[in-house]
Protein chains: 2
Amino acid sequence: MVKERVTVIDIAHAAGVSKSTVSLVLQGSSLVNEATRAKVNAAIRDLGYVYNRGAANLRQAKSKIIGIVVNDLTNSFFAELAVGVDAVVQSAGFVQFLANTGEKIERQREVVASMREHGVSGLIVSPARGTEVADLAPLVDSGIPVVLVVRDIAGADVSSLISDNHAGAMAAVRHLIERGHQRIAFLGGFPDTAVFEARMRGYRDALIETGIAGSDALIIGSAPSRAGGVTAVEQAMMLADRPTAALCFNDAVAFGVCDGLRARRLEPGADFAVIGFDDVIEAKTAVPALTTVSVDPQGMGQRAAELLLKQIKAGKAEPEAIVSSVRLVVRQSCGAAVERKREVLA
Amino acid sequence: MVKERVTVIDIAHAAGVSKSTVSLVLQGSSLVNEATRAKVNAAIRDLGYVYNRGAANLRQAKSKIIGIVVNDLTNSFFAELAVGVDAVVQSAGFVQFLANTGEKIERQREVVASMREHGVSGLIVSPARGTEVADLAPLVDSGIPVVLVVRDIAGADVSSLISDNHAGAMAAVRHLIERGHQRIAFLGGFPDTAVFEARMRGYRDALIETGIAGSDALIIGSAPSRAGGVTAVEQAMMLADRPTAALCFNDAVAFGVCDGLRARRLEPGADFAVIGFDDVIEAKTAVPALTTVSVDPQGMGQRAAELLLKQIKAGKAEPEAIVSSVRLVVRQSCGAAVERKREVLA
DNA sequence: TGACGAAATTGGAACGTTCCAATTATGAAA
DNA sequence: TTTCATAATTGGAACGTTCCAATTTCGTCA
């Protein structure tokens, strides 16, 4: 069972043509006669030929590979992002190299280097916390198109696609204020990230706009995870002047906040309003259904991939900074349903 | 800014040695003198050389790529599986091609073909529903090591790593019976899959073993998702003789079941016992914390990767069928905490 | 029949690396 | 000094494809 690799030369022999003709058939050229094309295809089938993309890439100095590196695949937001990318990338005939950095700069350096060595023709990156412009420099001046998603890096000369965190947070807080809340907390997330910064500013600006006095005590950072949400809400409820509502850094935190609330015998939605951020797939089916700022991770992945593909095709593309708009999806966790019921009864 | 590719020849010139020597340095050969090694490395750094793995693969007829294809990356079980694979694969100096089939056979065919063309040296596959032996045949007889994870394919001549679904389900149901439950449902999952089959048999066998009369009405299939769990429990609660406990097909279903229960003003854990399967990352922090059969997806990914790597190294490896043992993690959703409290009080 | 343009086919070089066999440098022993 | 083993280095072929320029085949028209 020693498998000799079948090459174009083998099938050229079998079909009685030259290797050049076989190559032409392989790339679907219209130059080749119908009859010979059929012969060649038959030989390909018979010998079980497998195209060697590596050899082709070597000759053409370009690959059909795009890389995607995310900072936490365990977070379903990023998993969905990857799925979105995959969908468009596949149907464009590319294949996806996916790597997970687990938020580690060192790992990120390694995987990016590895992708370069494999000759990816473009890269979609959700950078790990603490990534600097210098980390991307080698990439950009070797001319590989890069699209940053989710997190931007100030000063980096590459395209980016981030959601409108500021506007989303404002919309959420305005909604809470309209429902009569005054003590509104901002819970979860690492304060040293750009995303936190943007969402928190949106939160603040909405408060200022309506003349509500905020307080730094109501801004409580934590890991951007479910567990982080639990601890953040616990801390919030220890405050002398307790909040009655919270905008959470993301949906994972929001779920944690709901958990923490229930642990204190408070029903999220009824006794305390919770709004998340991202609209992950579980947000809709959770109980209570989570009111959240919809970011559509899968759609973002698709748009990022399309942007990247465009740049690859263009050869040399101007960096483009897209901020993807965002909308508040009102469900039950902010008390909307309850309010509505009350209105009907009144 | 026209970037000429820097090759070994360029750095050979710069360092005043031959390309062969450069190649030797690149692969860390001990044959080369310390001084020249230093010179070469300096040149590599100065010229910004990037190793061309494609060219190397072509010459060596082997790559450092392993492929992983999963059927649903959106499900965090598989995302974690991929993370586990990634971890060991990376540290073995390989890189991971990840593709998502979204449970579509056609897509699976495409991605597997694509991976072959890219010369992956091994493949980890969680096959889409309905995958047949024939789908894997071309792979196995071209000698590419394949490891099936999560789902097995009867008659396929490849290694597999699946969890002990039967034993896990039995343990869960026994636990429920010990707590005094008699009407136990099996909720969620597609009945035409091997995994469903195995878990359901475990459920049945535990019932039989203890002489409890089961009923097919208590076995309710659904999509293996949170939404599926909601509908399954709704259906279960319409039964004349309602169950008081349920083993769920997986954790996603279990969460859905909890949601559905709460929608009927029943508290999971207190009013109705719920056990999941998989032990995804959220199971621990959910409220109530989910009692579940721990499968450790990340660990499974690691073991699968190790198995694959072993086979790649061995060149020609015997198919190995590993069933990975599994343990019941008792948390709150099955009422354990409540029971314990009661015992203490008594 | 010859000529001609279009259609189809072809051989060889090239892509960037590794491997092999061969060569040269080095140093110790005679 | 010569000799020899060992350490370092090296040129060229090879991997499987695509591209280019060149060639052959074909049908049509004069």
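**Thoughts on the side chain of A:Arg116**
Then step 1. Mapping A:Arg116 onto the fold places it in helix α6 (residues 105–117).
Then step 2. For the buried A:Arg116, which has no salt bridge, the nearest side chain bearing the opposite charge is A:Asp141, at an N-O separation of 6.3 Å.
Then step 3. Among the polar contacts listed, one links the side chain of A:Arg116 to the side chain of A:Ser142, at a separation of 3.1 Å.
Then step 4. Contacts of A:Arg116, omitting those with residues within four sequence positions, involve A:Pro138, A:Leu139, A:Ser142, A:Ile144 and B:Val50.

**Quick look at the protein's contact with DNA strand D**
Then step 1. Around DNA strand D there are 27 residues in total, and A:Val8, A:Ser23, A:Tyr49, A:Arg59 and B:Ser20 lie nearest to it.
Then step 2. Counting only atoms of DNA strand D within 4 Å of the protein, the fraction found in sugar and phosphate groups is 64%.
Then step 3. A distance of 2.8 Å is found between a phosphate oxygen of DNA strand D and a side-chain nitrogen or oxygen belonging to A:Tyr51.
Then step 4. Measuring from a phosphate oxygen of DNA strand D, one finds a backbone N or O atom of B:Ser18 at 2.7 Å.
Then step 5. Contributing elements (two or more residues each) for the surface near DNA strand D: α2 (19–26) and α4 (53–60) of chain A together with α2 (19–26) and α4 (53–60) of chain B.
Then step 6. Classifying every residue of the surface near DNA strand D by side-chain character gives 11 nonpolar, 11 polar and five charged.

**What to know about the sheet that holds strand β10 (residues 291–294) of chain B**
Strand pairing in a sheet is mediated by backbone hydrogen bonds. Such pairs are either parallel or antiparallel.
All names here are of chain B.
Then step 1. Ordered by their spatial adjacency, six strands build an open sheet running β7-β6-β8-β9-β10-β12, and the pairing between neighbours is mixed. Looking along the sheet, the strands with just one partner apiece sit at the ends: β7 (219–220) and β12 (327–329).
Then step 2. The pairing of strand β6 (residues 184–187) with strand β8 (residues 245–248) spans four bridges and is parallel. Among the inter-strand pairings, Leu187 is bridged to a residue of β8, identified as Cys248.

**Focus on the protein's contact with DNA strand C**
Then step 1. Contacts to DNA strand C come from 27 residues, most closely from A:Ser18, B:Val8, B:Ser23, B:Tyr49 and B:Arg59.
Then step 2. Backbone atoms, meaning sugar and phosphate, make up 64% of the atoms of DNA strand C lying within 4 Å of the protein.
Then step 3. A:Arg59 is positioned such that a nitrogen or oxygen atom in its side chain is 3.3 Å from a base nitrogen of DNA strand C.
Then step 4. Here B:Arg59 contributes a side-chain N or O atom positioned 2.4 Å from a base oxygen of DNA strand C.
Then step 5. Counting residues per element, the ones that place at least two in the surface near DNA strand C are α2 and α4 of chain A together with α2 and α4 of chain B.

**A short note on the relation of the copies chain A and chain B**
Then step 1. In screw terms, the move from chain A to chain B is a rotation of 180° and a rise of 0.0 Å along the axis, fitting with an RMSD of 0.2 Å. Those values place the two copies in the arrangement expected of a two-fold rotation axis. Looking at the rotation axis and the C-alpha trace of chain A, the residue lying nearest is A:Phe97, at 2.4 Å.
Then step 2. Taken as a fraction of all interface residues of chain A, those also at the interface in chain B reach 100%, which identifies the copy contact as same-surface.

**Re empty space enclosed by the protein**
Then step 1. Enumeration over the complete set of coordinates arrives at one cavity of 30 Å³ or more.
Then step 2. Quantified by volume, the largest cavity comes out at close to 180 Å³.
Then step 3. When the residues that make up the lining of the largest cavity are grouped by side-chain class, the tally is 11 nonpolar, no polar and six charged.

**Notes on the environment of A:Ala305**
All names here are of chain A.
Then step 1. Tracing the sequence through the fold places Ala305 in helix α12 (residues 297–314).
Then step 2. By relative accessible area, Ala305 is classed as buried at 1%.
Then step 3. If we skip the residues at most four places from it in the chain, Ala305 touches Val85, Val88, Val89 and Ile124.

About the criteria used
- Residue indices follow the written sequence of each chain, beginning from 1 at its first position.
- The order in which chains are written sets their letters, starting at A; the order in which ligands are written sets their numbers, starting at 1.
- Note on the predicted model: pLDDT of at least 70 is required for a residue's local features to be given, and 80 or more for side-chain atom pairs to be given and counted; whole-chain, interface and lining totals, by contrast, use all residues.
- Side-chain measures here rest on the full set of heavy atoms in the structure, leaving out hydrogens and waters.
- Counting from the N terminus, the helices are the DSSP runs of H or I reaching at least four residues and the strands are the DSSP runs of E reaching at least two.
- Partly exposed describes any residue whose relative accessible area lies between the buried limit of under 20% and the exposed limit of over 50%, with all areas from a 1.4 Å probe on protein chains only and scaled to the type maximum.
- Neither His nor the chain ends is counted toward charge; the positive residues are Lys and Arg and the negative residues Asp and Glu.
- Every case where a carboxyl oxygen of Asp or Glu lies within 4 Å of a side-chain nitrogen of Lys or Arg is listed as a salt bridge.
- N or O atoms closer than or at 3.5 Å make up a polar contact, with two conditions inside protein: a donor-capable atom paired with an acceptor-capable one, and, for residues adjacent in sequence, both atoms drawn from side chains.
- Whether two residues are in contact is decided by their heavy atoms, any of which lying within 4.5 Å being enough.
- Only a single heavy atom is needed: when it lies within 4 Å of a molecule or strand, its residue is near that molecule or strand.
- Nonpolar residues are Ala, Val, Leu, Ile, Met, Phe, Trp, Tyr, Cys and Pro. Charged residues are Asp, Glu, Lys and Arg, and all others, Gly as well, are polar.
- Two strands qualify as a pair provided that DSSP identifies no fewer than 2 bridges between them.
- Here the copies were fitted onto each other by least squares, based on C-alpha atoms from residues at pLDDT of at least 70 in both.
- The method works on a 1 Å grid over the protein atoms by themselves. A cavity is a set of points holding a 1.4 Å probe that cannot get out, a pocket is an open set with protein on both sides within 12 Å along at least five of seven lines, and residues with an atom within 4 Å of a point line them.
- Grid points are joined across faces, edges and corners, and a volume is the space filled by probe spheres set on the points.

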